[in-house]
Amino acid sequence: MDGLQPEQQLQKADAKKKVALVIGAGDATGGEIAKRFARGGYIACMTRRNAEKLQPLIAEIEAEGGLAYGFASDARKEEQVIALVEEIEANIGEIDVLVFNIGANVPCSILEETARKYFKIWEMACFGAFLTGREVAKRMVVREHGSIIFTGATAGIRGAANFAAFAGAKHALRALAQSMARELGPKNIHVAHVVVDGAIDTDFIKDTFPDMYARKEHDGILNPVHIAENYWHLSQQPRDAWTHELDLRPWMETW
């Protein structure tokens, strides 16, 4: 026995928990990923540009017995990313899993696309991933352990009409993930890229594309809970059989 009181023992146990940092913990996929890692014993640290929007998610995780923290952070701003990672590492715990889950899916004809919006989409989908990936990798390399998972899209495999900005950004994200995996894998850091191909069960899809949402009753759109389960599986894989790229799509989705 170490002589600690029960409350102190609990605090000591909590201090040993690893952190899962979810950049872009929205109301669907990102939130479900955070909840899955909290159920798995991780401290869930989550970001959105507006921290108030994270409060219901934090409350839900805590109601289930988990630990969660929310942060207002813009992943495009280097100084904010550096401060975020430093605060978590110094005051909460070691970041053992990073999930970068920012979307930026904004369609526009190439004839009407503006330089400002094109650049912003790249910042959101790729540059933010570089900043957070770099800062977290610096810590993981020292500890020789960790997982970094990037949320990609079909746009990272092929560019569709009217999605030049999004496709360019997601192609760049995929290349970033490949390069990081080749550099960090030998240092025992698992880097994975998840291609999410298909509509996801969200209020946006429900309200904007009702015909597409109707596929839900036939398992024709992606369930965020099931997406999150795949992220959990990636983080727990033995290193002799790591998956780098995982393709997720409903059975009804065409290639």
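Keep in mind it's a predicted model, so treat the numbers as computed, not measured. (Residues numbered from 1 in each chain as written. Predicted model: local features only at pLDDT ≥ 70, side-chain atom pairs only at ≥ 80, totals over all residues. Heavy atoms only, no water.)

Trainee: Even after reading the chapter, I still don't get the environment of Gly146, so can you show me in this structure?
Mentor: Here Gly146 lies in strand E5 (residues 146-153). Between the alpha carbons of Gly146 and Ala169 there is a distance of 25 Å; along the sequence they are 23 residues apart. Excluding its chain neighbours within four sequence positions, the residues that come into contact with Gly146 are Asp96, Met140, Asn188, Ile189 and His190. (Helix = DSSP H or I, 4+ residues; strand = E, 2+ residues; numbered from the N terminus. Contact = heavy atoms within 4.5 Å.)

Trainee: Would you mind going over helix H4 (residues 78-91) with me for this structure?
Mentor: For the α-helix, the turn length of 3.6 residues means that residues three or four positions removed from each other point alike. For H4, spanning 14 residues, the distance from its first C-alpha to its last is 20 Å, which sits close to the expected 20 Å at 1.5 Å a residue. Residues of H4 that are buried in the fold lie against strand E1 (19-23), strand E2 (43-48), strand E3 (67-72), strand E4 (95-100) and helix H5 (115-143). (Expected span 1.5 Å × (residues − 1).)

Trainee: Which parts of the structure should I look at to understand the pattern of salt bridges?
Mentor: Inspection of every chain in the model, using the stated rule, returns 19 salt bridges. Measuring nitrogen to oxygen at the nearest pair gives 2.9 Å for the salt bridge that ties Glu94 to Lys18. Residue Glu94 is found in the loop between H4 and E4, and its partner Lys18 is found in the loop between helix H1 (6-15) and E1; the two are separated by 76 residues along the sequence. For Lys18, a relative accessible area of 34% corresponds to the partly exposed category. Among the salt bridges present, the one from Glu245 reaches Arg174, with a minimum N-O distance of 2.8 Å. Of this pair, Glu245 sits in strand E7 (residues 245-248) while Arg174 is found in helix H6 (residues 164-184), placing the two residues 71 residues apart along the sequence. Overall, Glu245 belongs to the partly exposed group, its relative accessible area being 32%. Taking relative accessible area as the criterion, Arg174 reaches 23% and is therefore assigned partly exposed. A single network of salt bridges, built from pairs that share partners, joins Glu78, Glu86, Arg134, Glu135, Lys138 and Arg139. (Salt bridge = Lys/Arg side-chain N within 4 Å of Asp/Glu carboxyl O. Buried < 20%, exposed > 50% of the residue type's maximum accessible area, 1.4 Å probe, protein only.)

Trainee: What should I look at first to understand the pairing of E5 in this one?
Mentor: Both faces of the sheet carry side chains from a regular strand, because those side chains alternate between them. Across the 8 residues of E5, 8 count as buried, placing the element largely inside the fold. Here E5 shows no split at all, with Gly146, Ile148, Phe150 and Gly152 on one side and Ser147, Ile149, Thr151 and Ala153 on the other all buried. Where E4 lies against E5, 4 bridges are found, and the strand directions are parallel. Residue pairing across strands places Leu98 opposite Ile148, the latter belonging to E5. Since E4 and E5 lie parallel, the crossover through H5 that links them has a hand, and here it is right-handed. In this sheet, strand E6 (residues 189-196) lies alongside E5 in parallel orientation, the contact comprising 8 bridges. The residue of E6 that forms the bridge with Ala153 is Val196. Each parallel crossover has a hand, and for E5 linked through H6 to E6 it is right-handed. (Pairing = 2+ DSSP bridges. Right-handed = clockwise from strand over helix to strand, strands pointing away.)

Trainee: Could you clarify how one ought to interpret the environment of Glu123 in this entry?
Mentor: Counting through the fold element by element, Glu123 comes out in helix H5. Counting along the chain gives 21 residues from Glu123 to Ile102, while the straight-line C-alpha distance between them is 10 Å. Setting aside chain neighbours within four positions, we find Glu123 in contact with Arg76 and Gly128.

Trainee: Hey, could you run me through the pairing of E1 in this one?
Mentor: Counting buried residues along E1, 5 of its 5 residues qualify, which places the element largely inside the surrounding structure. Burial along E1 is two-sided: the residues Val19, Leu21 and Ile23 and Ala20 and Val22 are all buried. Direction of pairing for E1 relative to E2: parallel, over a ladder of 5 bridges. The residue bridging Val19 from the neighbouring strand is Ile43, located in E2.

Trainee: I would appreciate a short explanation of the side chain of Thr151 in the present structure.
Mentor: Inspection of the secondary structure puts Thr151 in strand E5. Accessibility expressed as a relative area gives 10% for Thr151, which makes it buried. The residues touching Thr151, leaving out its near neighbours within four places in the chain, are Phe100, Asn101, Lys170, Leu173, Val194, Val196 and Tyr231.

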